[in-house]
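Okay, here's what each chain looks like letter by letter:
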Amino acid sequence: MSTLTSTNVICRSVQLSIAAALLVTASVSAQADEISISNTVAALEQNMTQASQEMISNVKQELMLSLQTQIAEQVFEINSALEFASFEQPQISTTVAAENK
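Since this is a predicted model, take the numbers as computed values, not measurements.

1. Looking at the overall build of the chain
Then, in step 1: Tallying secondary structure elements over the chain gives two helices and zero strands in all.
Then, in step 2: Looking at the chain as a whole, 9% of its 101 residues qualify as buried.
Then, in step 3: Total accessible area on the chain is roughly 8,200 Å²; 63% of this is exposed by carbon and sulfur atoms.

2. Quick word on a nonpolar patch on the surface
Then, in step 1: A grouping of Leu63, Met64, Leu67, Ile71 and Val75 is seen on the molecular surface, where their side chains present a nonpolar patch of about 460 Å² in accessible area.
Then, in step 2: Checked against the element boundaries, leucine 63 lands in helix H2 (residues 34–100).

Cut-off values and rules
- Residues numbered from 1 in each chain as written.
- Predicted model: local features only at pLDDT ≥ 70, side-chain atom pairs only at ≥ 80, totals over all residues.
- Heavy atoms only, no water.
- Helix = DSSP H or I, 4+ residues; strand = E, 2+ residues; numbered from the N terminus.
- Buried < 20%, exposed > 50% of the residue type's maximum accessible area, 1.4 Å probe, protein only.
- Areas by Shrake-Rupley, 256 points an atom, 1.4 Å probe, with all protein chains shown as cover.
- Patch = residues over 30% accessible without salt bridge, like charges linked within 9 Å, V, L, I, M, F, W, Y side chains within 5 Å.
- Salt bridge = Lys/Arg side-chain N within 4 Å of Asp/Glu carboxyl O.

In structure tokens, the structure reads:
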């Protein structure tokens, strides 16, 4: 799932970069002034920053979910082992008591 989310963010970033490059090219070919190019580059930087922040946020969230899942699995395994041990212990005591008679 993290690969899909990361891929989506990367695809979005690439699309934004391509759109910005087309805008820059169109501006240059139309003899746009430096202010227009600066605005386009600033917009590109802002979009890239936003995409990066979203990707980092998604990765953090997925990492937390993964850790929570792993912890839950380990707690379940420990509880299962403890239940098995507590179930087996009285049977052993009963068997030992029967043998001692």
